[in-house]
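Working through the structure, step by step
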There are 2 protein chains.
Amino acid sequence: MDDTKRTPAPKDRNAAPLGPSVRKPGSALTITDVADFAGVSKKTVSRVLNREPMKATTRAKVEAAIETLGFVPNAQARALAFRKNFVIVLFIHDSTSPMAMTFQRGVLSAIGDSELALAVRPVNRESPELLSEIETFLARQKPMGAIFLPPLSERDDIGEMCQRLNVKYVRVGSAQLDMMSRSVWSNDREAVMGAVRDIVALGHTRIGFVRGPKGFLSAREREAGFRQALVSAGLTPDETLFADGRYTFDSGLAAGQALLSLPQPPSVIFASNDSMAAGVVRAAHEKGLRLPHDLSIVGFDDGPVAVQLWPSLTTVHWPVIEMGVLAVHKLVPETLPAGEDPAALPSMVASSLIRRESLDAPVR
Amino acid sequence: MDDTKRTPAPKDRNAAPLGPSVRKPGSALTITDVADFAGVSKKTVSRVLNREPMKATTRAKVEAAIETLGFVPNAQARALAFRKNFVIVLFIHDSTSPMAMTFQRGVLSAIGDSELALAVRPVNRESPELLSEIETFLARQKPMGAIFLPPLSERDDIGEMCQRLNVKYVRVGSAQLDMMSRSVWSNDREAVMGAVRDIVALGHTRIGFVRGPKGFLSAREREAGFRQALVSAGLTPDETLFADGRYTFDSGLAAGQALLSLPQPPSVIFASNDSMAAGVVRAAHEKGLRLPHDLSIVGFDDGPVAVQLWPSLTTVHWPVIEMGVLAVHKLVPETLPAGEDPAALPSMVASSLIRRESLDAPVR
DNA sequence: TCAAAAAAAGATACCGGTGTCTATTTTAAT
DNA sequence: ATTAAAATAGACACCGGTATCTTTTTTTGA
């Protein structure tokens, strides 16, 4: 009989009864295993992982162990010790928005194959709990940075809350929304002004305008640019040529139908975004108009539809992808290509008109 | 021996030299603070957080403390202790793909405001490192589940790797790709067959077909359904009416131009997805054809373009959002509405034709 | 050559939770 | 009322890393 049969206190994991080094392949490895294998301490392995200065021979020894064992550090443990999760959160208002999806592409490309992860979190702007929902998410996740897309980005209280929680953030918009280091924007207003200048230069004088939803800064900026450009061109804004829209295809269709039913319809319609421009295109087609001969149409965004429409849409290119890249670079300067200066990052990316088929001179 | 109960441990963090209860608001709170406030142990607070059965009065006391202090548990610490991160990873091949973006909407809606987070990770299918890239990401993040979209989902080795790492996964496709509990799919083939049946019923006999890229199961399924339906209808597939495409607008345009330049062009063209259908629409417009009078066009996906085109596109609705919801429910049954049975979840969501303007009977 | 200074590696506490086992109550049974 | 059984709460180790401080090794200076 074996007298050592009884195991009184097997709480040490080294005393596991399953035999020596029984572990699942891959993920069960820890830094301790690597340290044992390399014959060094945990801390030394940690130094290698964090690229701290150390003796080359020791580093090589540890790196060889990591390579041999196929060790991958546990992100949660690092996050806990660092008190920072290697994650960037993208807060979006509407997961349907093409802008958000495009922006996300920019974010992903900037993240590349770094160890950063992207978390996407939709929140409802209408909710009275909005702020506390975001705060809870941030407190729970402790991300490296947070990005707020319009129209969330337009709330100042969100920025203040992030500062209180000590979370880096970037607000994205159509004009500067925060201090430079915390915002990324495009010059929607100037871009529209440039577009209208081109439209006027072609000879148009009756220019219809489809507004975006009131709550969006981009909508206000674009309308402001439009009006400003008209005045600069010596034209008087005609309020009957303005129609309301909600950045949706349907609202653009309705607006187009309204504008085209006027006794004196415009010779060109500027829609505040591409979806609405597509609606206007349809309204024109329904009326049997030939585009751009009978009606020119200009949009804003340069989203995927722009080239898929017939005729292809002249539209202001909104550099959403570039803004996404920029936002990540601002939040995590380490994502910058080697040698680039974080302090030299721009904050504004210019929008500008892309000429396609849907814009031509008016028939006289 | 133990008369001196006082523990003189000065290294306790309560001995911080910054004065009494000096801590940043919100995020610095820990479970210990709550326990002290409520006059219970850490473990008891943990029990409340995890909704374990306990005495109602104790629970109320702790909940009051949590509420009063505004405590939010640290996700990384939980993840470390649980050895599971409360995250779902969505692996996508191409962050440009409208399908991926739409699917993501479904995932987000299923996640809702639960404590799950969505992480999006693009990977390059062409890369020889693909498998190890995914493996490293999974080993690092230890997510609750992983979702693979086409064409990544079509690789069996990825599924095997996930099982090895003990990560739950779902493969999404146009036909079953794995065991039921691990895949979500739609019946693309049957849906195309149904669509073609409708097309034939209108009197069409010369039906053009624009293929998708070879590497995609969906492309093969859709073509197979198309051919099968022709045969069922007593028609012989005419190889000259098949054109290659790559699921892009440009490739659809080129395919449309080719098919419409045939000596005997088809009276209807079925494109394997909407982007290519949009290209065909343009090709038709360029040729001066009136749609659908001179040419009918049918797509597949029912993406955002479908309704924005002129004429609006008759297309097979691909239930991508529903598949996204389903995938999450399969990975984390807790996301199901109360009372629903996880075992009763379907795995297939049917696609079916949506009639819009672009399909009509041929002129005879 | 040997001690002092600098650099490298190690030991151990700690991040903020959960799991296990033990101590204490509460409830049930005699 | 007393005790056994069941339910509840607590103590403490542990998850897998990093930070701090100490020890050891290497380098430098006299």
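Residues numbered from 1 in each chain as written. Chains lettered and ligands numbered in written order. Predicted model: local features only at pLDDT ≥ 70, side-chain atom pairs only at ≥ 80, totals over all residues. Heavy atoms only, no water.

Quick notes on the overall build of chain A
Condition: Numbered from the N terminus, helices here are DSSP runs of H or I no shorter than four residues, and strands are runs of E no shorter than two. Exposure categories follow from relative accessible area, calculated using a 1.4 Å probe and restricted to protein chains: below 20% of the type maximum is buried, above 50% is exposed, and the middle band is partly exposed. In what follows, a contact means two residues having at least one pair of non-hydrogen atoms within 4.5 Å. Computed with a 1.4 Å probe, the accessible areas rest on the Shrake-Rupley method; for each residue, only the protein chains presented here act as cover. Only four residue types enter the tally: Lys and Arg on the positive side, Asp and Glu on the negative side, with His and both chain ends excluded. In plain terms, the charge of a residue is placed at NZ if it is Lys, CZ if Arg, CG if Asp and CD if Glu.
From N to C terminus, chain A includes 13 helices and twelve strands. Expressed as a percentage of its 364 residues, the buried residues of chain A come to 51%. For chain A, long-range pairs separated by at least 24 residues make up 69% of all intrachain contacts whose partners lie at least 6 apart in sequence. Surface accessibility of chain A: about 16700 Å² in total, with carbon and sulfur atoms responsible for 54%. When the 42 positive and 40 negative side-chain charges of chain A are each reduced to one mean point, those points stand 6 Å apart.

Quick word on the interface of chain A and chain B
So the rule is basically this: When two parts are brought into contact, each loses some accessible area as probed by a 1.4 Å sphere; the total of that loss over both is the buried area. Think of a salt bridge as a Lys or Arg side-chain nitrogen and an Asp or Glu carboxyl oxygen that are within 4 Å of each other. Two N or O atoms form a polar contact when they lie within 3.5 Å of each other; inside protein one atom must be a possible hydrogen donor and the other a possible acceptor, and for residues adjacent in sequence the pair counts only when both atoms belong to side chains.
Each partner contributes residues to the interface: chain A has 51 residues there, and chain B has 50 residues. Taken over both partners, the interface formed by chain A and chain B buries close to 4700 Å², and the fraction arising from carbon and sulfur atoms is 57%. On the chain A side of the contact with chain B, Q76, R140 and Q308 of chain A bury the most area, a combined 16% of that side's loss. For the pair chain A and chain B, the interface holds four salt bridges. We note a salt bridge from R282 of chain A to E357 of chain B, for which the minimum N-O separation is 2.5 Å. Inspection of the chain A/chain B interface yields eleven residue pairs in polar contact (both at pLDDT 80 or more). When residues of the side of chain A that touches chain B are traced back to their parent elements, those giving at least two are α4 (75–82), β1 (85–92), α5 (98–111), β2 (117–122), α6 (130–141), α7 (156–165), α11 (274–286) and α12 (305–308) of chain A. The leading source of residues in the side of chain A that touches chain B is β2 of chain A, at six residues.

Side note on the protein's contact with DNA strand D
As a reminder, the rule being used: Note on terminology: near, applied to a residue and a molecule or strand, indicates that one of the residue's heavy atoms is within 4 Å of it.
Close contacts around DNA strand D come from 30 residues, with I31, S46 and N50 of chain A together with T44 and T58 of chain B the closest. Counting only atoms of DNA strand D within 4 Å of the protein, the fraction found in sugar and phosphate groups is 66%. Between DNA strand D and S46 of chain A there is a distance of 2.4 Å, counted from a phosphate oxygen to a side-chain nitrogen or oxygen. At 2.8 Å from a phosphate oxygen of DNA strand D is found a side-chain nitrogen or oxygen belonging to N50 of chain A. Among the secondary structure elements, those contributing two or more residues to the surface near DNA strand D are α2 (42–49) and α4 of chain A together with α2 (42–49) and α4 (75–82) of chain B. Examining the composition of the surface near DNA strand D, we find that five residues originate from one element, α4 of chain A, more than from any other.

Here's the deal with the domain arrangement of chain A
Put simply, the rule is: Delimitation of the domains relies on an automatic or database domain assignment.
Along its sequence, chain A is organised into domain 1 (24–53), domain 2 (80–186 + 321–349) and domain 3 (188–319). A straight line from the C-alpha centre of domain 1 of chain A to that of domain 3 of chain A covers 60 Å.

With respect to the sheet that holds strand β7 (residues 242–243) of chain B
All names here are of chain B. Applied cut-off: Should DSSP find at least two bridges between two strands, the strands are regarded as paired.
Taken together, the six strands give an open sheet; going across it, the order is β7-β6-β8-β9-β10-β12, and neighbouring strands pair in mixed fashion. Looking at which strands have only one partner, the edges of the open sheet turn out to be β7 and β12 (352–354). Where strand β9 (residues 296–301) meets strand β10 (residues 314–317), four bridges bridge the pair, whose relative direction is parallel. Following the sheet pairing, F300 is matched in β10 by V316.

Observations regarding the environment of V45 of chain B
Tracing the chain through its elements places V45 of chain B in helix α2. Measuring from C-alpha to C-alpha, the distance between V45 of chain B and A191 of chain B comes to 53 Å, with 146 residues separating the pair along the chain.

A word on the pairing of strand β5 (residues 183–186) of chain B
Looking along a regular strand, one sees the side chains alternate between the two faces of the sheet. All names here are of chain B. Side chains S183 and W185 project from β5 onto one buried face, and the interleaved V184 and S186 project onto a second face that is buried too. Across three bridges, strand β4 (residues 169–173) lies against β5 in parallel orientation. Note on β5: the bridge partner recorded for V172 is V184. With two bridges connecting them, β5 and strand β11 (residues 348–349) associate as parallel partners. By the bridge assignment, S186 is partnered in β11 with V349.

So, the relation of the copies chain A and chain B
Quick reminder of the rule: The copies were overlaid with a least-squares fit restricted to C-alpha atoms from residues scoring a pLDDT of at least 70 in each copy.
Relative to chain B, chain A is turned by 180° and slid 0.0 Å along the rotation axis, the superposed coordinates differing by an RMSD of 0.1 Å. The operation mapping one copy onto its partner corresponds to a two-fold rotation axis. Residue A119 of chain A of chain A places its C-alpha closer to the rotation axis than any other residue of that unit, at 2.2 Å. The fraction of interface residues of chain A whose copies in chain B are also interface residues reaches 98%, indicating that both copies meet through the same surface.

Quick look at the packing of aromatic side chains
The description of an aromatic ring pair rests on the distance of the ring centres and on the angle between the ring planes. Condition: Pairing of aromatic side chains requires ring centres within 6.5 Å, counting the rings of Phe and Tyr and the six-membered ring of Trp. Pairs whose planes differ by under 30 degrees are stacked, by over 60 edge-to-face, and all others tilted. The criterion for a charge sitting over a ring is simple: Lys NZ or Arg CZ within 6 Å of the ring centre, and within 35 degrees of the ring normal.
Going through the model one piece at a time under the given rule, you end up with 20 aromatic pairs over all chains. Ring centres 5.8 Å apart and planes at 80° place the aromatic pair F91 of chain B and F137 of chain B in the edge-to-face group. Linking F91 of chain B in strand β1 (residues 85–92) with F137 of chain B in helix α6 (residues 130–141), this pair joins segments that are 46 residues apart in sequence. Each member of the pair, F91 of chain B as well as F137 of chain B, carries the same accessibility label: buried. Taking 5.8 Å as the distance between ring centres and 10° as the angle between the ring planes, the aromatic pair formed by F209 of chain B and F270 of chain B counts as stacked. Of this pair, F209 of chain B sits in strand β6 (residues 207–210) while F270 of chain B sits in strand β8 (residues 268–271), and the two are 61 residues apart along the sequence. Exposure class is identical for F209 of chain B and F270 of chain B. Each is buried. By the ring-pair criterion, three or more aromatic residues cluster together here, those being F209, F226, F242 and F270 of chain A. Here R222 of chain B stacks its cationic end above the ring of F300 of chain B, 3.7 Å away from the centre of that ring.

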